[in-house]
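Observations on the model geometry
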Amino acid sequence: MKNINAKTVMALCLSLTLMGTSVWAQTTEPQTASSSSSSSSSSSEASSSSASSSASSSASATAAPAEAVAKLNPVDPVPEGKGQIVFFRPSRFVGAAVSFSVREGDTGIGKLTNGTYFVHVAEPGTHEYNISFETRDTLRLEVEAGETYYVIQSIAMGVIGARPNLTPSTEEAFQEKKLKVTKAKATDRK
């Protein structure tokens, strides 16, 4: 299970973006991170407040303003007093014929087919979203009022079928390619 808050999501996305650039090597602030293991997908992720603040301050000089992101995929403003999560799945050849329901607990909130997205409005607080086929992947997200979060759904190959994953992402990754709003109906877990 992944435990993510807004600062950690930003630090992770920024760290991945900057890892191959000279800006990452030139930063003078110490970079520290601790790993936590995911109980459902055996992945690990960096999360510490010092990594978050270091990554945020080193990115301020190099990050493009938010309004510079091309808006290929429209997303409505966040409703008053709520947060929203944009779940998206880029179009890929591998697993193109398979679709996956995203659930909060056992309740389906949206279904992702190849090259689609949906927006889920949520109350502020901790939420757990899951997706499954051959295995189950769970993402814990701390939702804050007025914030929009981006979660990418990817597919890894399993022994029998596909292994879907939910991973925090960025608006830039979401806006890279034109996606369609999903029309598929989510199913509840029985």
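Because the structure is a prediction, the values reported are computed rather than measured.

What follows deals with the overall build of the protein chain. Within the protein chain, the secondary structure is distributed over four helices and twelve strands. Residue burial in the protein chain is summarised as follows: out of 190 residues, 36% are buried. The contacts in the protein chain between residues at least 6 apart in sequence include a share of 68% that link residues at least 24 apart. In the form shown here, the protein chain has an accessible surface area of approximately 10,500 Å², with 55% of it arising from carbon and sulfur atoms.

With that settled, consider the side chain of Lys 111. Tracing the sequence through the fold places Lys 111 in strand β6 (residues 107-112). Summary of buried charges: Lys 111 has no salt-bridge partner, and the nearest side chain of opposite charge, Asp 188, is 11 Å away. Excluding residues within four positions of it along the chain, Lys 111 makes contact with Ser 99, Phe 100, Ser 101, Thr 116, Phe 118, Thr 182, Ala 184, Lys 185 and Ala 186.

We now examine the nonpolar core. The biggest cluster of nonpolar side chains holds 16 residues, and the ones touching the most others in it are Ile 85, Phe 87, Val 102, Tyr 129 and Leu 166. For this core, the elements supplying multiple residues, two or more each, are β4 (83-89), β5 (100-104), β7 (116-122), β8 (125-132), β9 (136-143), β10 (148-157) and β11 (162-168). Looking at this core, the element that brings in the most residues is β9, giving three residues. If we skip the residues at most four places from it in the chain, Ile 85 touches Phe 118, Val 119, His 120, Ala 122, Tyr 129, Leu 141, Val 143, Tyr 149 and Val 151. With six residues, the next largest nonpolar core counts Tyr 117, Tyr 150, Phe 174 and Leu 179 among its residues.

This part covers the sheet that holds β7. The mixed open sheet is built from five strands, whose spatial order is β11-β10-β4-β7-β12. In this open sheet, the two edge strands, each paired with only one partner strand, are β11 and β12 (180-181). The pairing of β7 with β12 spans two bridges and is parallel. By the bridge assignment, Thr 116 is partnered in β12 with Lys 180.

To continue, consider the confidence of the model for the protein chain. Mean pLDDT over the protein chain works out to 72, with 61% of the residues at or above the 70 mark. Every residue in residues 12-64 scores below 50 in pLDDT, and together they form 60 contacts with partners more than four places removed in sequence or on other chains.

Take the pairing of β5 next. Extensive coverage of β5 is indicated by the burial of four of its five residues. Pairing of β5 with β6, which is carried by five bridges, proceeds in the antiparallel orientation. Each residue of the ladder has a partner; that of Arg 103, found in β6, is Gly 108. The hairpin formed by β5 and β6 contains two residues between the paired strands, and Gly 105 there has a positive phi angle of roughly 70°. Both β5 and β8 contribute to a ladder of two bridges, which runs antiparallel. Paired with Glu 104 across the two strands is Tyr 129, which belongs to β8.

Following the criterion strictly, the structure yields three salt bridges and no others. A salt bridge links Lys 71 to Glu 171, with the nearest nitrogen and oxygen atoms 2.3 Å apart. In this pair, Lys 71 sits in the loop between α3 (49-59) and β4 while Glu 171 sits in helix α4 (residues 171-174), placing the two residues 100 residues apart along the sequence. You can call Lys 71 exposed: its relative accessible area is 55%. According to the relative accessible area criterion, Glu 171 is buried, its value standing at 16%. Between Lys 82 and Glu 123 there is a salt bridge, and its shortest N-O distance comes to 2.1 Å. Of this pair, Lys 82 sits in the loop between α3 and β4 while Glu 123 sits in the loop between β7 and β8, placing them 41 residues apart in sequence.

Thresholds applied
Residues numbered from 1 in each chain as written. Predicted model: local features only at pLDDT ≥ 70, side-chain atom pairs only at ≥ 80, totals over all residues. Heavy atoms only, no water. Helix = DSSP H or I, 4+ residues; strand = E, 2+ residues; numbered from the N terminus. Buried < 20%, exposed > 50% of the residue type's maximum accessible area, 1.4 Å probe, protein only. Contact = heavy atoms within 4.5 Å. Areas by Shrake-Rupley, 256 points an atom, 1.4 Å probe, with all protein chains shown as cover. Lys, Arg positive; Asp, Glu negative; His and termini not counted. Salt bridge = Lys/Arg side-chain N within 4 Å of Asp/Glu carboxyl O. Core = buried A, V, L, I, M, F, W, Y, C linked by side-chain atoms within 4.5 Å. Pairing = 2+ DSSP bridges. pLDDT = per-residue confidence, 0-100.

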